[in-house]
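# A look at the structure
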Amino acid sequence: MKLKKFFSLVATAALSISVLAACGDDSSTSEVSFRLAHNQPENHPIHESLTAFAEADKAGVKVEVFPNGTLGTEREVIELVQTGALDMAKVSAAALESFNDDFAILSLPYVFESQEHYYNVMDNSKSIQTIYENSKEIGFVPITWYDSGQRSIYTVDKKVESPADMKGLKIRVQESQTSIAMIEAMGGSPTPMSYGEVYTGLQQGLIDGAENNETALTTGKHGEVAKAYTYTEHQYSPDILIVSTNAWDKLSDEQKDALVKAAKESTESHKTIWAEAVKKSVEDAEALGVKFYTIDKTPYIEAASVLHEEFTKKGDKEKQYFDEFQSLK
Ligand code: GCU
């Protein structure tokens, strides 16, 4: 090692030690650095909102954001968070269902009747709080949610007006049992895969289409291949910000409060950022040649209602969650 580099390393180490010493044992003033992973590119609205959260003052909790799925698929990063190898992740509620069954309610098709209903549930529901709290024992603490819009079906070239039009179409879904059952009920053939695989899947003809919000067409580039977006608007599957229980337990109460406060602030500002991004995505996708079709959703709503019945029949807890959601309309 060159002498200069050696001295610079010694100096850095000494500096870190002095910072740590200055922090002392008082956990409320110790600095911690968290890594936060998500699977979208830097030009996606969620990256903007997570960056704002990372930059906010959080009582010494520093956050570094790793976009593009570089730390793994959603399933993989949740596993890393559970073991404590990763501190934070932003994932879809649908991905969390494989780890905590209760999250299934957020993927039920047509469980929210409007954006107002969706926001009211996500911001005020006691069931959501319970689901957040009961996740702690399995390794993660959800601290806020982000609007990820409404999901609709898009295919390479076919408008899908009713479940009959979906017959034989291989539609990529998220890795969630509810999403698989949903596409079956809606008449298609569900193909679960991670988000990062969808573009190639469409390009190589492994799938005929997918279902997502409009940003997938542009920031995800799916609109380069899929040209027919039908507004089935079947799912509002929110994004959820999770902290590893391991990392959470190391924070002081002041830091936990600061982290949650900054996260909730970013949830609020994200609502506007999201609305603008969707508008822009539609324009950009149209420029790519994507056609948007508005349809009468009734046949899909009727076909998907079986999932509501199955969910409420699972048990008293599920029925209570469902009824509370309905009461917040
Ligand atoms: C949305 C969601 C992502 C998710 C993706 C998917 O974009 O915000 O978290 O990975 O859908 O369909 O997999």
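This text goes with the structure placed above it.
Here is a short report on the structure shown in this document. Treat the numbers as computed from the prediction; the structure is a model and nothing was measured.

We now examine the overall build of the protein. In terms of helices and strands, the protein carries 13 helices and eleven strands. The globule rule puts the C-alpha radius of gyration for 329 residues at 20 Å, and the 21 Å found for the protein is close to it. When the backbone C-alpha atoms are referred to their principal axes, the protein occupies close to 70 × 50 × 30 Å. When the 329 residues of the protein are sorted by exposure, 53% land in the buried category. Counting contacts in the protein only where the partners sit at least 6 residues apart, residues at least 24 apart contribute 76% of the total. Charge centroids of the protein, computed over 32 positive and 51 negative side chains, lie 4 Å from each other.

On to helix H5 (residues 115-124). Looking only at H5, the buried set comprises His117, Tyr118, Tyr119, Val121 and Met122. Along its buried surface, H5 packs onto helix H6 (126-133), strand E4 (140-146), strand E10 (239-244), helix H11 (253-287) and helix H13 (316-327).

Quick look at the nonpolar core now. Core analysis: the biggest nonpolar cluster contains 50 residues, and Ile105, Leu106 and Ile240 have the highest contact counts within it. In this structure, Val65, Ile143, Leu259 and Ala263 belong to the second largest nonpolar core, which totals 21 residues.

Near the ligand, the surroundings consist of 13 residues, among which Glu74, Lys90, Arg151, Arg172 and Asp239 are the closest. Between the ligand and Gln40, the relevant distance is 3.0 Å, taken from an oxygen atom to a side-chain nitrogen or oxygen of the residue. Within the contact set of the ligand, an oxygen atom lies 2.8 Å away from a side-chain nitrogen or oxygen of Arg151. When the ligand sits alone it has 310 Å² of accessible area, and the protein chains cover 98% of it.

One way to put it is that helix H12 (residues 298-313) packs onto H13 with a least axis distance of 6 Å and a crossing angle of 130°. One element, H12, and the other, H13, form an angle in the oblique class. Mapping the contact onto sequence places His308, Phe311 and Thr312 in H12 and Glu318, Lys319 and Phe322 in H13. When the residues that make up the contact of H12 with H13 are grouped by side-chain class, the tally is two nonpolar, two polar and two charged.

Further remarks concern the sheet that holds strand E2 (residues 61-66). What the five strands build is an open sheet, ordered E2-E1-E3-E10-E4; its pairing is mixed. Every other strand in the sheet has two partners, leaving E2 and E4 as the edge strands with one partner each. Taken over all neighbouring pairs, the strand axes of this sheet differ in orientation by 25° on average, direction set aside. Bridge count between strand E3 (residues 88-92) and E10: five bridges; the pairing is antiparallel. From the neighbouring strand, Lys90 faces E10, where its bridge partner is Leu241. Packed on one face of the sheet, H11 meets strand E1 (32-37), E2, E4 and E10 and runs near 25° to E4.

Here the largest pocket defines a volume of roughly 590 Å³. Residue lining of the largest pocket: 36 residues in total, with Asn39, Gln40, Ser194, Tyr195 and Gly196 positioned closest to the centre. Elements represented by at least two residues in the lining of the largest pocket include exactly helix H3 (74-83), E3, helix H8 (198-203) and helix H9 (215-218). Looking at side-chain class alone, the lining of the largest pocket contains six nonpolar, 22 polar and eight charged residues. Counted as a void, the second largest pocket has a volume near 220 Å³. As for the second largest pocket, its lining consists of 13 residues, of which Asn43, Pro45, Thr219, Ala277 and Lys280 are closest to the centre. Elements with a contribution of two residues or more to the lining of the second largest pocket: helix H2 (45-55), H9 and H11. Per element, the largest residue contribution to the lining of the second largest pocket is six residues, and it comes from H11.

Another aspect to go through is the pattern of salt bridges. One pass over the structure, following the stated rule, counts 15 salt bridges. Linking Asp123 and Lys271 is a salt bridge whose minimum nitrogen-to-oxygen distance equals 2.8 Å. Of this pair, Asp123 sits in helix H5 while Lys271 sits in helix H11, placing them 148 residues apart in sequence. When salt bridges that share partners are traced, they join Glu74, Lys90 and Asp239 into one network.

A few words on the packing of aromatic side chains. Tallied over the entire structure, the rule returns eleven aromatic pairs. Taken together, a centroid distance of 6.0 Å and an interplanar angle of 80° make the contact between Phe112 and Tyr236 edge-to-face. Within this pair, whereas Phe112 is found in the loop between helix H4 (93-96) and H5, its partner Tyr236 is found in the loop between strand E9 (228-235) and E10, the two being separated by 124 residues in sequence. Tyr236 matches Phe112 in its accessibility class, with the two residues each being buried. Ring geometry for Tyr118 versus Tyr119: centroids 5.8 Å apart, planes at 45°, classification tilted. Accessibility classification places Tyr118 together with Tyr119 in one group, the buried group.

Okay, the packing of H2 against H11 next. In the contact formed by H2 and H11, the axes pass within 9 Å of each other and the chain directions differ by 150°. The orientation of H2 with respect to H11, classified from their angle, is roughly antiparallel. Crossing angle aside, the handedness with which H2 passes H11 is right-handed. On H11, the residues touching Pro45, Ile46, Glu48, Ser49 and Phe53 of H2 are Leu259, Ala262, Ala263, Ser266, His270, Ile273, Trp274 and Ala277.

Criteria and thresholds
Residues numbered from 1 in each chain as written. Predicted model: local features only at pLDDT ≥ 70, side-chain atom pairs only at ≥ 80, totals over all residues. Heavy atoms only, no water. Helix = DSSP H or I, 4+ residues; strand = E, 2+ residues; numbered from the N terminus. Rg over C-alpha atoms; globule rule 2.2 N^0.38 Å. Buried < 20%, exposed > 50% of the residue type's maximum accessible area, 1.4 Å probe, protein only. Contact = heavy atoms within 4.5 Å. Lys, Arg positive; Asp, Glu negative; His and termini not counted. Charge placed at Lys NZ, Arg CZ, Asp CG, Glu CD. Core = buried A, V, L, I, M, F, W, Y, C linked by side-chain atoms within 4.5 Å. Near = heavy atom within 4 Å. Polar contact = N/O pair within 3.5 Å; in protein donor to acceptor, adjacent residues only side chain to side chain. Areas by Shrake-Rupley, 256 points an atom, 1.4 Å probe, with all protein chains shown as cover. Axes fitted to C-alpha atoms, helices over the stretch in contact; angles between N-to-C directions. Parallel < 35°, antiparallel > 145°, perpendicular 65-115°, else oblique. Nonpolar A, V, L, I, M, F, W, Y, C, P; charged D, E, K, R; others polar. Pairing = 2+ DSSP bridges. 1 Å grid on protein atoms, 1.4 Å probe; cavity = no way out; pocket = protein on both sides within 12 Å on 5 of 7 lines; lining within 4 Å. Points joined across faces, edges and corners; volume = space filled by probe spheres on them. Salt bridge = Lys/Arg side-chain N within 4 Å of Asp/Glu carboxyl O. Phe/Tyr/Trp six-rings, centres within 6.5 Å; stacked < 30°, edge-to-face > 60°. Left-handed = near helix turned anticlockwise from the far one by under 90°.

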